[in-house]
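# Structural characterization, general
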Amino acid sequence: MKFISLLTTFFLIIVSTLCLAQGSSATDNFFTNPLLEKGQDPWLMQDESYYYYCFSAKGAINVQKVGRLTDLRTADTVVVWTPPANSMYSKELWAPELHKINDSWYVYVAADDGKNKNHRMHVLASKGSTPESGFEYVGQLKDPDDKWAIDGTVLHHQGNMYFIWSGWEGNENVAQNLYIAPMESPTVISGKRVLLSSPEYEWEKRGSSDELPTINEGPQILEKNGQYHIIYSAAGSWSNDYCLGMLSLIGDDPLQASSWQKEDQPIFSGTECVISPGHCSFTTIGQQDWIVYHVTGYPNGGWDSRYVKMQPFYWVEDRPVFGKPAEDGVIFPVSYE
């Protein structure tokens, strides 16, 4: 009887694990990937006791609000902005980011007129005190060079604001670099751009060719105890080699390229089971930090197979340690306290 009892217990554990592996956590205490079965360029932010997931779909900007991240799959979606037709920002809305700055809400999004060469960064401002109140178009967020630009984000450092994005040096799609420029307000860049990073290492150039550019994109800010990092995506997002690299601020002036130190190896890359992890954002659940990122569903799956995952990460002397991307079905403890 004891053997049968142990066997039954083992069977129940296996069944529970298999059930959890089908999607997000079925309990409040555990989570298993995927977070979302479809999606890309995940932008997740926390404000007080709520999490906001901002994304583009069907030609519009959308926001979901949840108290627990594991509820994203079933959360209501609010369309907060739809661009007007026949403008230079009507189509190809890429990687929108929702930011709360000085108690006001903004969305930074790349858009064009249907021609990729015309992609630029644009900014929206909330009509009310919450993201759900909808947004209105403010304008293009541009530096004096006004070149191709995507994946913009905001750095707050010692009372100053900076805009960081991925762009072209000129007018040809040869390489995507990371640039930084000062901001005088959430909607205005106030100076010339400075080149921070170009694809230089072999792992940053994977997936490129004579027809396809080398890639540095998707910059995200990560800070711990006054130490700032830019976590960015490298290699072709269409390839099996998309991964994350890191720049660390080692100087006093973020506008000086020499103030940033670049890692010579990726800090988060794929495995045989997890393909092309990249374009991340960060959040906390309780006392634990989490990285949220997209992957492709299978080798050579390309953009159409992407979906969203998340997993905890840790710190060693104010330096993030991500480990390896977890396979779907791995069970993580979750505590919102």
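Rules and cut-offs
Residues numbered from 1 in each chain as written. Predicted model: local features only at pLDDT ≥ 70, side-chain atom pairs only at ≥ 80, totals over all residues. Heavy atoms only, no water. Helix = DSSP H or I, 4+ residues; strand = E, 2+ residues; numbered from the N terminus. Rg over C-alpha atoms; globule rule 2.2 N^0.38 Å. Buried < 20%, exposed > 50% of the residue type's maximum accessible area, 1.4 Å probe, protein only. Contact = heavy atoms within 4.5 Å. Areas by Shrake-Rupley, 256 points an atom, 1.4 Å probe, with all protein chains shown as cover. Lys, Arg positive; Asp, Glu negative; His and termini not counted. Charge placed at Lys NZ, Arg CZ, Asp CG, Glu CD. Pairing = 2+ DSSP bridges. Axes fitted to C-alpha atoms, helices over the stretch in contact; angles between N-to-C directions. Salt bridge = Lys/Arg side-chain N within 4 Å of Asp/Glu carboxyl O. Core = buried A, V, L, I, M, F, W, Y, C linked by side-chain atoms within 4.5 Å. pLDDT = per-residue confidence, 0-100.

### A look at the overall build of the chain
The helix and strand inventory of the chain stands at 1 helix and 23 strands. In terms of C-alpha radius of gyration, the chain reaches 20 Å, essentially the compact-globule figure of 20 Å for 337 residues. Within the chain, the fraction of its 337 residues that count as buried is 53%. For the chain, long-range pairs separated by at least 24 residues make up 49% of all intrachain contacts whose partners lie at least 6 apart in sequence. Entry remark: accessible area of the chain is about 15,900 Å², with carbon and sulfur atoms responsible for 49%. Within the chain, the 41 negative side-chain charges are centred at a point lying 4 Å from the centre of the 24 positive side-chain charges.

### Some words on the sheet that holds strand β21 (residues 307–316)
The antiparallel open sheet is built from 4 strands, whose spatial order is β19-β20-β21-β22. In this open sheet, the two edge strands, each paired with only one partner strand, are β19 (275–285) and β22 (319–321). When the angles between neighbouring strand axes are averaged without regard to direction, this sheet yields 40°. With 7 bridges joining them, β19 and strand β20 (residues 288–296) adopt antiparallel strand pairing. Among the inter-strand pairings, Thr284 is bridged to a residue of β20, identified as Asp289.

### Some details on the pattern of salt bridges
Oppositely charged side chains may form a pair once their charged atoms are brought near each other. A full pass over the atoms with the stated rule returns 10 salt bridges. For the salt bridge of Glu202 with Arg206, the shortest nitrogen-to-oxygen distance reads 2.8 Å. On the basis of relative accessibility, which here comes to 35%, the residue Arg206 falls in the partly exposed class. A salt bridge links Lys262 to Glu204; its shortest N-O distance comes to 2.8 Å. Pair noted here: Lys262 is in strand β18 (residues 260–262) and Glu204 is in the loop between β14 (194–197) and β15 (214–224), with a separation of 58 residues, a long-range link. The pair formed by Lys262 and Glu204 is uniform in burial state, with each residue classed as buried. Within the structure, one salt-bridge network assembled from shared partners comprises Glu200, Glu204 and Lys262.

### What to know about the pairing of strand β7 (residues 104–112)
Among the 9 residues that make up β7, 8 are buried, leaving the element largely enclosed by the rest of the structure. In this sheet, β7 lies alongside strand β6 (residues 91–101) in antiparallel orientation, the contact comprising 7 bridges. Paired with Leu98 across the strands is Val107, a residue of β7. Counted along the chain from β6 to the antiparallel partner β7, the turn is 2 residues long, and its residue Asn102 has a positive phi close to 55°. Strand direction decides the pairing type here: β7 and strand β8 (residues 120–126), joined by 6 bridges, are antiparallel. Residue Tyr108 lies in a different strand from β8, and its bridge partner there is Val123.

### Digging into the sheet that holds strand β9 (residues 135–140)
Taken together, the 4 strands give an open sheet; going across it, the order is β6-β7-β8-β9, and neighbouring strands pair in antiparallel fashion. Looking at the sheet topology across the chains shown, the edges are occupied by β6 and β9. Strand-to-strand, the axes of this sheet are offset by a mean angle of 25°, without reference to chain direction. Here 5 bridges tie β8 to β9, and the two strands are oriented antiparallel to one another. What sits directly across from Val123, in β9, is Gly139.

### Let's talk about the nonpolar core
Generally speaking, a soluble globular protein has its nonpolar side chains buried in company with each other. One finds Tyr108, Phe163, Trp165 and Met183 to be the most contacted residues of the largest nonpolar core, which totals 20 residues. Counting only elements with at least two residues in this core, the list comes to β7, β8, β10 (149–157), β11 (160–167) and β12 (175–185). Each residue touching Met183, except ones within four places of it in the same chain, is listed here: Tyr108, Leu141, Val154, Met161, Tyr162, Phe163, Val188, Ile189 and Ser190. Judged by nonpolar contacts, the second largest core, of 19 residues, contains Leu35, Val66, Trp290 and Ala326.

### Considering the confidence of the model for the chain
Model confidence for the chain is summarised by a mean pLDDT of 92, while 92% of its residues fall at 70 or above. Confidence, read as mean pLDDT per element, is least for helix α1 (residues 2–20) in the chain (33) and greatest for β11 (99).

### Examining the side chain of Ser233
Among the secondary structure elements, Ser233 is positioned in strand β16 (residues 227–234). Take Ser233: its relative accessible area is 0%, and that puts it in the buried class. Filtering out sequence-adjacent residues up to four positions away, Ser233 remains in contact with Ile215, Asn216, Glu217, Gly218, Tyr242, Cys243, Leu244, Gly278 and His279.

### Topic: unusual backbone geometry
For the bond running from Asn33 to Pro34, omega is 5°, close enough to zero to count as cis. Inspection of the secondary structure puts Pro34 in the loop between β1 (30–31) and β2 (43–47). Of note, the phi angle at Glu48 is positive, near 55°, even though the residue is not glycine. As for its placement among the helices and strands, Glu48 is situated in the loop between β2 and β3 (50–57). Its relative accessible area of 69% is what places Glu48 among the exposed residues.

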